[in-house]
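# Close look at the chain arrangement
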Amino acid sequence: MKRFLAVLLSLLICLGTIGFQADAALGNISSAKEEYLVQFDIPGVENLSKASIMAKEKSILNSINVQEKDILETYDLLPVYCLKLDEKQVEALKKDSNIKNVEPNIEFKASAQTIPWGISRVQATDAHKYNYTGKGVKVAVLDTGIDNRHSDLNVRGGYSVFNDSPYSDGNGHGTHVSGTIAALDNSIGVRGVAYNVDLYAVKVLNSYGSGSLSGIAKGIEWSIKNNMDILNMSLGTSSHSSILKDWCDLAYNSGLLVVAAAGNSGNAAGIGDTVDYPARYSSVIAVAATDSSNKRGSFSAHGPAIEIAAPGVDIYSTYPNNRYTTMSGTSMACPHVVGSAALVWGANPRLTNVQVRESLVRTARGLGNTNHYGSGLVQAFDAINYYR
(Lines give C-alpha, C1' and ligand atoms only; values in the text may rest on other atoms or scores of the structure.)
Protein backbone atom coordinates (compact mmCIF):
# COMPACT_ATOMS: atom_id res chain seq x y z
CA MET A 1 0.00 0.00 0.00
CA LYS A 2 2.81 2.44 0.86
CA ARG A 3 4.50 1.63 -2.45
CA PHE A 4 1.25 2.31 -4.35
CA LEU A 5 0.84 5.70 -2.61
CA ALA A 6 4.45 6.63 -3.38
CA VAL A 7 3.98 5.82 -7.08
CA LEU A 8 0.69 7.77 -7.15
CA LEU A 9 2.34 10.78 -5.47
CA SER A 10 5.18 10.69 -8.02
CA LEU A 11 2.69 10.68 -10.87
CA LEU A 12 0.80 13.64 -9.41
CA ILE A 13 4.04 15.59 -9.01
CA CYS A 14 5.00 14.85 -12.62
CA LEU A 15 1.57 15.84 -13.90
CA GLY A 16 1.71 19.03 -11.87
CA THR A 17 5.09 19.86 -13.34
CA ILE A 18 3.86 19.20 -16.88
CA GLY A 19 0.83 21.38 -16.26
CA PHE A 20 3.00 24.27 -15.05
CA GLN A 21 5.25 24.09 -18.10
CA ALA A 22 2.25 24.12 -20.42
CA ASP A 23 0.83 27.17 -18.66
CA ALA A 24 4.17 28.92 -18.95
CA ALA A 25 4.27 28.19 -22.66
CA LEU A 26 0.76 29.57 -23.10
CA GLY A 27 1.80 32.64 -21.14
CA ASN A 28 4.72 33.17 -23.52
CA ILE A 29 2.38 32.99 -26.50
CA SER A 30 -0.03 35.57 -25.10
CA SER A 31 2.85 37.93 -24.25
CA ALA A 32 4.82 37.34 -27.46
CA LYS A 33 6.08 40.61 -28.87
CA GLU A 34 5.71 41.72 -32.47
CA GLU A 35 7.10 44.76 -34.29
CA TYR A 36 4.87 47.85 -34.60
CA LEU A 37 5.26 51.43 -35.77
CA VAL A 38 3.76 53.92 -33.32
CA GLN A 39 3.06 57.53 -34.26
CA PHE A 40 2.58 60.13 -31.51
CA ASP A 41 0.34 63.19 -31.63
CA ILE A 42 0.81 64.87 -28.25
CA PRO A 43 -1.07 68.19 -28.05
CA GLY A 44 0.69 71.38 -26.97
CA VAL A 45 4.27 70.33 -27.71
CA GLU A 46 4.80 72.54 -30.75
CA ASN A 47 7.12 74.95 -28.93
CA LEU A 48 9.08 72.36 -26.96
CA SER A 49 12.56 71.17 -27.86
CA LYS A 50 12.94 67.81 -29.57
CA ALA A 51 14.54 66.42 -26.41
CA SER A 52 11.54 67.51 -24.31
CA ILE A 53 9.10 66.01 -26.79
CA MET A 54 10.99 62.73 -26.84
CA ALA A 55 11.01 62.70 -23.05
CA LYS A 56 7.21 62.94 -23.05
CA GLU A 57 6.98 60.18 -25.64
CA LYS A 58 9.35 57.94 -23.69
CA SER A 59 7.31 58.62 -20.53
CA ILE A 60 4.19 57.31 -22.24
CA LEU A 61 6.07 54.24 -23.41
CA ASN A 62 7.54 53.68 -19.95
CA SER A 63 4.04 53.79 -18.46
CA ILE A 64 3.17 50.59 -20.33
CA ASN A 65 6.54 49.00 -19.56
CA VAL A 66 8.19 49.42 -22.97
CA GLN A 67 11.87 48.71 -22.35
CA GLU A 68 14.75 50.52 -24.09
CA LYS A 69 15.67 47.25 -25.83
CA ASP A 70 12.18 47.19 -27.37
CA ILE A 71 12.75 50.52 -29.15
CA LEU A 72 14.09 49.36 -32.51
CA GLU A 73 14.04 52.59 -34.53
CA THR A 74 13.39 56.30 -34.01
CA TYR A 75 12.95 58.96 -36.67
CA ASP A 76 13.88 62.63 -36.90
CA LEU A 77 11.20 64.06 -39.17
CA LEU A 78 8.03 62.41 -37.83
CA PRO A 79 7.19 61.41 -34.22
CA VAL A 80 7.35 57.70 -35.04
CA TYR A 81 8.93 54.76 -33.19
CA CYS A 82 9.44 51.18 -34.30
CA LEU A 83 8.77 49.07 -31.20
CA LYS A 84 8.45 45.49 -30.05
CA LEU A 85 5.11 45.24 -28.25
CA ASP A 86 2.86 42.57 -26.80
CA GLU A 87 -0.91 42.58 -27.29
CA LYS A 88 -1.66 44.38 -24.01
CA GLN A 89 0.78 47.17 -24.85
CA VAL A 90 -0.72 47.52 -28.32
CA GLU A 91 -4.23 47.84 -26.90
CA ALA A 92 -3.07 50.37 -24.29
CA LEU A 93 -1.46 52.57 -26.96
CA LYS A 94 -4.54 52.38 -29.20
CA LYS A 95 -6.62 53.77 -26.33
CA ASP A 96 -4.15 56.57 -25.54
CA SER A 97 -5.26 59.97 -26.85
CA ASN A 98 -1.60 60.91 -27.42
CA ILE A 99 -1.19 58.21 -30.06
CA LYS A 100 -2.14 58.86 -33.69
CA ASN A 101 -1.39 55.45 -35.21
CA VAL A 102 -0.31 51.96 -34.13
CA GLU A 103 0.50 49.73 -37.11
CA PRO A 104 2.20 46.37 -37.63
CA ASN A 105 5.65 46.53 -39.23
CA ILE A 106 4.21 45.11 -42.44
CA GLU A 107 6.30 43.35 -45.07
CA PHE A 108 7.06 44.81 -48.51
CA LYS A 109 8.09 42.84 -51.56
CA ALA A 110 9.72 43.80 -54.82
CA SER A 111 7.08 44.16 -57.50
CA ALA A 112 8.99 42.39 -60.26
CA GLN A 113 7.35 39.37 -61.88
CA THR A 114 10.09 37.97 -64.06
CA ILE A 115 11.73 39.81 -67.40
CA PRO A 116 14.44 46.96 -73.01
CA TRP A 117 13.01 48.24 -75.85
CA GLY A 118 11.40 50.89 -73.62
CA ILE A 119 14.00 53.67 -73.94
CA SER A 120 12.89 54.88 -77.36
CA ARG A 121 9.23 54.20 -76.58
CA VAL A 122 9.23 56.86 -73.84
CA GLN A 123 11.06 59.34 -76.15
CA ALA A 124 14.28 59.19 -74.14
CA THR A 125 16.38 58.80 -77.29
CA ASP A 126 14.71 61.95 -78.71
CA ALA A 127 15.71 63.81 -75.55
CA HIS A 128 19.28 62.51 -75.75
CA LYS A 129 19.70 64.05 -79.23
CA TYR A 130 19.31 67.48 -77.61
CA ASN A 131 21.69 66.57 -74.76
CA TYR A 132 18.95 66.16 -72.18
CA THR A 133 20.37 63.41 -69.98
CA GLY A 134 19.20 64.07 -66.41
CA LYS A 135 22.48 65.68 -65.36
CA GLY A 136 22.37 67.19 -61.87
CA VAL A 137 19.24 65.32 -60.76
CA LYS A 138 19.54 63.08 -57.69
CA VAL A 139 17.63 59.80 -57.89
CA ALA A 140 17.30 57.46 -54.92
CA VAL A 141 16.43 53.86 -55.73
CA LEU A 142 14.72 52.31 -52.68
CA ASP A 143 15.26 48.64 -53.40
CA THR A 144 17.57 45.64 -52.83
CA GLY A 145 20.73 47.71 -53.26
CA ILE A 146 22.76 48.34 -56.43
CA ASP A 147 25.88 46.55 -57.63
CA ASN A 148 28.22 49.55 -57.84
CA ARG A 149 30.94 47.40 -59.42
CA HIS A 150 28.85 47.01 -62.54
CA SER A 151 30.70 48.60 -65.49
CA ASP A 152 27.47 50.12 -66.81
CA LEU A 153 26.46 51.93 -63.59
CA ASN A 154 27.88 54.86 -61.63
CA VAL A 155 26.52 54.89 -58.09
CA ARG A 156 27.23 58.16 -56.26
CA GLY A 157 26.39 57.05 -52.73
CA GLY A 158 23.80 55.33 -50.63
CA TYR A 159 22.44 53.96 -47.38
CA SER A 160 21.30 50.58 -46.09
CA VAL A 161 18.74 49.97 -43.36
CA PHE A 162 20.39 46.57 -42.79
CA ASN A 163 23.69 48.09 -41.63
CA ASP A 164 25.49 46.50 -44.56
CA SER A 165 26.65 47.98 -47.85
CA PRO A 166 23.89 49.54 -49.96
CA TYR A 167 25.82 48.23 -52.94
CA SER A 168 25.54 44.55 -52.00
CA ASP A 169 22.58 43.53 -54.15
CA GLY A 170 22.06 39.87 -53.39
CA ASN A 171 18.78 39.82 -55.32
CA GLY A 172 19.38 41.72 -58.57
CA HIS A 173 16.11 43.63 -58.57
CA GLY A 174 17.61 46.97 -57.54
CA THR A 175 20.45 46.70 -60.05
CA HIS A 176 17.99 45.94 -62.86
CA VAL A 177 15.75 48.87 -61.94
CA SER A 178 18.79 51.17 -61.76
CA GLY A 179 19.97 50.24 -65.24
CA THR A 180 16.68 51.37 -66.77
CA ILE A 181 17.10 54.72 -65.06
CA ALA A 182 20.82 55.32 -65.37
CA ALA A 183 22.83 52.76 -67.36
CA LEU A 184 25.73 54.69 -68.82
CA ASP A 185 26.07 55.92 -72.39
CA ASN A 186 29.19 53.93 -73.23
CA SER A 187 30.30 51.14 -75.52
CA ILE A 188 28.81 48.28 -73.50
CA GLY A 189 25.49 46.89 -72.38
CA VAL A 190 22.43 49.16 -72.39
CA ARG A 191 21.64 52.84 -72.10
CA GLY A 192 19.38 54.22 -69.37
CA VAL A 193 16.56 56.72 -69.79
CA ALA A 194 18.55 59.40 -67.92
CA TYR A 195 22.13 58.14 -68.04
CA ASN A 196 23.69 61.23 -66.41
CA VAL A 197 21.65 61.34 -63.20
CA ASP A 198 23.28 61.14 -59.79
CA LEU A 199 22.28 57.61 -58.78
CA TYR A 200 21.95 56.61 -55.10
CA ALA A 201 21.35 53.16 -53.65
CA VAL A 202 18.95 53.12 -50.69
CA LYS A 203 18.77 49.51 -49.60
CA VAL A 204 15.43 48.78 -47.94
CA LEU A 205 14.78 45.26 -49.29
CA ASN A 206 16.84 42.18 -48.45
CA SER A 207 18.24 39.49 -50.74
CA TYR A 208 14.81 37.84 -50.87
CA GLY A 209 13.24 41.08 -52.13
CA SER A 210 11.45 41.73 -48.83
CA GLY A 211 11.53 44.63 -46.40
CA SER A 212 9.56 46.23 -43.61
CA LEU A 213 7.55 49.36 -43.03
CA SER A 214 10.19 50.64 -40.63
CA GLY A 215 12.89 50.11 -43.26
CA ILE A 216 10.93 51.89 -45.99
CA ALA A 217 10.39 54.79 -43.57
CA LYS A 218 14.13 54.97 -42.85
CA GLY A 219 14.87 54.96 -46.56
CA ILE A 220 12.43 57.80 -47.25
CA GLU A 221 13.78 59.78 -44.31
CA TRP A 222 17.37 59.34 -45.54
CA SER A 223 16.31 60.54 -48.98
CA ILE A 224 14.66 63.68 -47.60
CA LYS A 225 17.59 64.51 -45.33
CA ASN A 226 20.11 63.96 -48.13
CA ASN A 227 18.31 66.22 -50.62
CA MET A 228 17.27 63.63 -53.17
CA ASP A 229 15.06 64.85 -56.04
CA ILE A 230 13.24 61.70 -57.10
CA LEU A 231 12.40 58.46 -55.30
CA ASN A 232 12.02 55.21 -57.24
CA MET A 233 10.02 52.71 -55.21
CA SER A 234 9.60 49.56 -57.27
CA LEU A 235 8.02 47.87 -54.27
CA GLY A 236 4.63 47.54 -52.69
CA THR A 237 2.22 45.91 -50.28
CA SER A 238 -1.51 45.31 -50.25
CA SER A 239 -1.77 46.74 -46.71
CA HIS A 240 -2.61 50.40 -46.11
CA SER A 241 -0.43 52.28 -43.64
CA SER A 242 -1.28 55.76 -42.42
CA ILE A 243 2.33 56.14 -41.30
CA LEU A 244 3.67 55.22 -44.74
CA LYS A 245 1.23 57.70 -46.26
CA ASP A 246 2.57 60.41 -43.94
CA TRP A 247 6.15 59.59 -45.00
CA CYS A 248 5.25 59.78 -48.68
CA ASP A 249 3.32 63.01 -48.10
CA LEU A 250 6.27 64.45 -46.19
CA ALA A 251 8.67 63.59 -49.03
CA TYR A 252 6.36 65.12 -51.64
CA ASN A 253 5.72 68.23 -49.55
CA SER A 254 9.49 68.54 -49.07
CA GLY A 255 9.88 68.88 -52.83
CA LEU A 256 10.70 65.30 -53.83
CA LEU A 257 8.94 63.50 -56.67
CA VAL A 258 7.76 60.11 -55.42
CA VAL A 259 7.18 57.35 -57.98
CA ALA A 260 6.08 53.78 -57.23
CA ALA A 261 5.18 50.57 -59.05
CA ALA A 262 1.43 49.99 -59.14
CA GLY A 263 1.92 46.28 -58.41
CA ASN A 264 1.60 42.97 -60.24
CA SER A 265 -1.74 41.75 -58.89
CA GLY A 266 -3.77 42.64 -61.97
CA ASN A 267 -6.16 40.17 -63.59
CA ALA A 268 -6.50 39.38 -67.29
CA ALA A 269 -9.80 41.27 -67.58
CA GLY A 270 -8.40 44.32 -65.80
CA ILE A 271 -11.44 44.53 -63.53
CA GLY A 272 -11.38 45.90 -59.98
CA ASP A 273 -8.97 47.97 -57.92
CA THR A 274 -5.71 46.11 -57.29
CA VAL A 275 -3.17 48.94 -56.92
CA ASP A 276 -0.58 48.44 -54.18
CA TYR A 277 0.59 50.87 -51.52
CA PRO A 278 2.43 53.26 -51.58
CA ALA A 279 1.50 53.75 -55.26
CA ARG A 280 -2.13 54.23 -54.22
CA TYR A 281 -1.42 57.40 -52.21
CA SER A 282 -2.13 60.77 -53.85
CA SER A 283 1.39 62.05 -53.17
CA VAL A 284 2.83 59.17 -55.21
CA ILE A 285 2.80 58.60 -58.99
CA ALA A 286 1.37 55.11 -59.57
CA VAL A 287 2.92 53.45 -62.64
CA ALA A 288 1.30 50.69 -64.68
CA ALA A 289 3.16 48.42 -67.12
CA THR A 290 2.74 48.14 -70.90
CA ASP A 291 4.15 45.75 -73.50
CA SER A 292 5.77 46.46 -76.86
CA SER A 293 2.30 46.79 -78.43
CA ASN A 294 1.33 49.47 -75.89
CA LYS A 295 -1.11 47.08 -74.23
CA ARG A 296 -1.41 46.57 -70.50
CA GLY A 297 0.77 43.80 -69.17
CA SER A 298 -1.63 41.10 -68.00
CA PHE A 299 -0.10 41.24 -64.52
CA SER A 300 -0.24 45.05 -64.21
CA ALA A 301 -2.44 46.37 -61.40
CA HIS A 302 -5.47 48.47 -62.29
CA GLY A 303 -7.71 50.98 -60.56
CA PRO A 304 -8.44 54.72 -60.27
CA ALA A 305 -5.05 55.42 -58.62
CA ILE A 306 -3.14 54.54 -61.82
CA GLU A 307 -1.58 57.82 -62.97
CA ILE A 308 0.65 56.90 -65.90
CA ALA A 309 2.00 53.92 -67.82
CA ALA A 310 5.44 52.86 -69.06
CA PRO A 311 7.17 49.84 -70.61
CA GLY A 312 7.28 46.94 -68.18
CA VAL A 313 7.24 43.71 -70.20
CA ASP A 314 10.46 42.02 -71.33
CA ILE A 315 12.77 44.80 -70.20
CA TYR A 316 16.50 44.18 -70.70
CA SER A 317 18.75 45.86 -68.12
CA THR A 318 21.76 45.57 -65.84
CA TYR A 319 22.18 42.73 -63.36
CA PRO A 320 24.80 42.00 -60.66
CA ASN A 321 28.30 40.79 -61.56
CA ASN A 322 28.44 42.73 -64.85
CA ARG A 323 25.56 40.75 -66.28
CA TYR A 324 22.32 41.72 -68.02
CA THR A 325 18.93 40.08 -67.97
CA THR A 326 15.31 40.50 -69.03
CA MET A 327 12.57 41.01 -66.46
CA SER A 328 8.91 42.04 -66.42
CA GLY A 329 6.75 43.86 -63.90
CA THR A 330 5.52 47.26 -62.85
CA SER A 331 8.88 47.42 -61.09
CA MET A 332 10.40 47.71 -64.56
CA ALA A 333 7.85 50.33 -65.64
CA CYS A 334 8.46 52.57 -62.64
CA PRO A 335 12.10 53.46 -63.51
CA HIS A 336 11.04 54.50 -67.05
CA VAL A 337 8.88 57.20 -65.44
CA VAL A 338 11.59 58.13 -62.93
CA GLY A 339 14.13 58.46 -65.74
CA SER A 340 11.69 60.55 -67.78
CA ALA A 341 11.09 62.83 -64.79
CA ALA A 342 14.86 63.23 -64.40
CA LEU A 343 15.14 64.26 -68.06
CA VAL A 344 12.43 66.90 -67.54
CA TRP A 345 13.99 68.22 -64.35
CA GLY A 346 17.50 68.25 -65.77
CA ALA A 347 16.29 70.24 -68.77
CA ASN A 348 14.14 72.57 -66.61
CA PRO A 349 15.85 72.79 -63.19
CA ARG A 350 13.61 75.64 -61.99
CA LEU A 351 10.49 73.48 -62.06
CA THR A 352 8.94 72.20 -58.84
CA ASN A 353 8.16 68.55 -58.26
CA VAL A 354 4.48 69.37 -58.81
CA GLN A 355 5.26 70.92 -62.20
CA VAL A 356 7.44 67.99 -63.26
CA ARG A 357 4.59 65.65 -62.35
CA GLU A 358 2.08 67.75 -64.27
CA SER A 359 4.30 67.84 -67.36
CA LEU A 360 4.51 64.04 -67.39
CA VAL A 361 0.79 63.54 -66.94
CA ARG A 362 -0.35 66.25 -69.38
CA THR A 363 1.87 65.03 -72.23
CA ALA A 364 1.37 61.27 -71.83
CA ARG A 365 0.08 59.43 -74.89
CA GLY A 366 -3.47 58.28 -74.19
CA LEU A 367 -3.93 54.53 -74.47
CA GLY A 368 -7.54 54.06 -73.37
CA ASN A 369 -8.98 52.88 -70.07
CA THR A 370 -7.63 55.24 -67.38
CA ASN A 371 -7.93 52.50 -64.75
CA HIS A 372 -5.39 50.54 -66.81
CA TYR A 373 -3.11 53.29 -68.13
CA GLY A 374 -3.88 56.49 -66.22
CA SER A 375 -3.15 59.44 -68.48
CA GLY A 376 -1.28 57.09 -70.82
CA LEU A 377 2.26 56.24 -71.94
CA VAL A 378 4.92 58.58 -70.55
CA GLN A 379 6.56 60.77 -73.24
CA ALA A 380 9.76 62.35 -71.92
CA PHE A 381 10.61 64.70 -74.80
CA ASP A 382 7.09 66.14 -74.96
CA ALA A 383 7.15 66.61 -71.18
CA ILE A 384 10.46 68.49 -71.42
CA ASN A 385 8.81 70.98 -73.77
CA TYR A 386 5.55 71.32 -71.84
CA TYR A 387 6.60 74.44 -69.89
CA ARG A 388 8.59 76.01 -72.75
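None of these values were measured; they are calculated from a predicted model.

## Considering the environment of Ile220
Locating Ile220 in the fold gives a position in helix H7 (residues 213–225). For Ile220, a relative accessible area of 0% puts it in the buried group. Here the alpha-carbon distance between Ile220 and Val202, two residues 18 residues apart in the chain, equals 8.7 Å. Ignoring sequence-local partners within four residues, the contact set of Ile220 consists of Leu142, Leu231, Met233, Leu244, Trp247, Cys248 and Ala251.

## Regarding helix H6 (residues 173–182)
For H6, a buried count of ten out of ten residues is recorded, marking the element as mostly surrounded by other parts of the structure. The set of residues buried in H6 consists of His173, Gly174, Thr175, His176, Val177, Ser178, Gly179, Thr180, Ile181 and Ala182.

## Some words on the nonpolar core
In this structure, Ile220 and Ile230 are the most contacted members of the largest nonpolar core, which totals 97 residues. It is helix H9 (residues 330–347) that contributes the most residues to this core, eleven residues altogether. Setting aside its immediate chain neighbours within four residues, Ile230 contacts Val137, Lys138, Val139, Ala140, Leu257, Val259, Val338, Ala341, Ala342 and Trp345. Listed in part, the 18 residues of the second largest apolar core include Ile60, Leu61, Ile71 and Leu93.

## Quick word on the packing of aromatic side chains
Per the stated rule, a full pass over the model turns up nine aromatic pairs. Pairwise contacts between aromatic rings join Tyr130, Tyr132 and Phe381 into one cluster. Its guanidinium or amino end placed over the ring of Tyr75, Lys218 lies 5.0 Å from that ring's centre, counting from NZ or CZ.

## A few points about the pattern of salt bridges
Inspection of the entire model under this criterion finds 16 salt bridges. Lys203 is paired through a salt bridge with Asp164; the nearest N and O atoms lie 2.8 Å apart. Residue Lys203 is located in strand S8 (residues 198–203), and its partner Asp164 is located in the loop between strand S7 (155–160) and H6; the two are separated by 39 residues in the primary sequence. Exposure remark for Asp164: the relative accessible area of 35% places this residue in the partly exposed category.

## Description of the layout of surface pockets
The computed volume of the largest pocket comes to approximately 370 Å³. The set of elements that each furnish at least two residues to the lining of the largest pocket consists of strand S1 (34–40), helix H2 (50–63) and strand S3 (80–85). It is H2 that contributes the most residues to the lining of the largest pocket, four residues altogether. Across the lining of the largest pocket, the residue classes break down as eleven nonpolar, two polar and six charged. Size it by volume and the second largest pocket reaches roughly 230 Å³. The wall of the second largest pocket is formed by 13 residues, among which Glu73, Val161, Ser212, Ser214 and Gly215 lie closest to the centre.

## Overview of a negative patch on the surface
Judged by side-chain charge, Glu34, Glu35, Glu87 and Glu91 come together as a negatively charged surface patch. Of all the secondary-structure elements, those providing two or more residues to the negative patch are S1 and helix H3 (87–95). Here Glu91 is to be found in helix H3.

## Points about the environment of Ala301
With respect to the helices, strands and loops of the structure, Ala301 is situated in the loop between strand S13 (285–290) and strand S14 (308–311). A relative accessible area of 0% places Ala301 in the buried class. As a C-alpha pair, Ala301 and Pro311 span ten residues in sequence and 14 Å in three-dimensional space. When neighbours within four sequence positions are excluded, Ala301 is seen to be in contact with Ala262, Gly263, Ser265, Gly266, Thr274, Val275, Ala288, Ile306 and Thr330.

## Some remarks on the environment of Ser207
Counting through the fold element by element, Ser207 comes out in the loop between S8 and strand S9 (210–212). Once residues within four sequence positions are removed from consideration, Ser207 is found in contact with Gly170 and Asn171.

## Details of the confidence of the model for the protein chain
Looking at the protein chain as a whole, the pLDDT averages 91, with 90% of positions reaching at least 70. The low-confidence segment residues 1–30, where pLDDT is below 50, has one contact with residues more than four positions distant or belonging to other chains.

## Structural notes on the packing of H9 against helix H10 (residues 353–363)
Close contact between H9 and H10 brings their axes to 10 Å; oriented N to C, the two are set at 115 degrees. Relative to H10, H9 is oriented so that their crossing is right-handed. Where H9 approaches H10, its residues Val337, Ser340, Ala341, Val344 and Trp345 are matched on the opposing element by Asn353, Val356, Ser359 and Leu360. Its residues assigned to classes, the contact of H9 with H10 comprises six nonpolar, three polar and no charged.

Here is what the cut-offs are and how they apply
- Residues numbered from 1 in each chain as written.
- Predicted model: local features only at pLDDT ≥ 70, side-chain atom pairs only at ≥ 80, totals over all residues.
- Heavy atoms only, no water.
- Helix = DSSP H or I, 4+ residues; strand = E, 2+ residues; numbered from the N terminus.
- Buried < 20%, exposed > 50% of the residue type's maximum accessible area, 1.4 Å probe, protein only.
- Contact = heavy atoms within 4.5 Å.
- Core = buried A, V, L, I, M, F, W, Y, C linked by side-chain atoms within 4.5 Å.
- Phe/Tyr/Trp six-rings, centres within 6.5 Å; stacked < 30°, edge-to-face > 60°.
- Lys NZ or Arg CZ within 6 Å of the ring centre and 35° of its normal.
- Salt bridge = Lys/Arg side-chain N within 4 Å of Asp/Glu carboxyl O.
- 1 Å grid on protein atoms, 1.4 Å probe; cavity = no way out; pocket = protein on both sides within 12 Å on 5 of 7 lines; lining within 4 Å.
- Points joined across faces, edges and corners; volume = space filled by probe spheres on them.
- Nonpolar A, V, L, I, M, F, W, Y, C, P; charged D, E, K, R; others polar.
- Patch = residues over 30% accessible without salt bridge, like charges linked within 9 Å, V, L, I, M, F, W, Y side chains within 5 Å.
- Areas by Shrake-Rupley, 256 points an atom, 1.4 Å probe, with all protein chains shown as cover.
- Lys, Arg positive; Asp, Glu negative; His and termini not counted.
- Charge placed at Lys NZ, Arg CZ, Asp CG, Glu CD.
- pLDDT = per-residue confidence, 0-100.
- Axes fitted to C-alpha atoms, helices over the stretch in contact; angles between N-to-C directions.
- Left-handed = near helix turned anticlockwise from the far one by under 90°.

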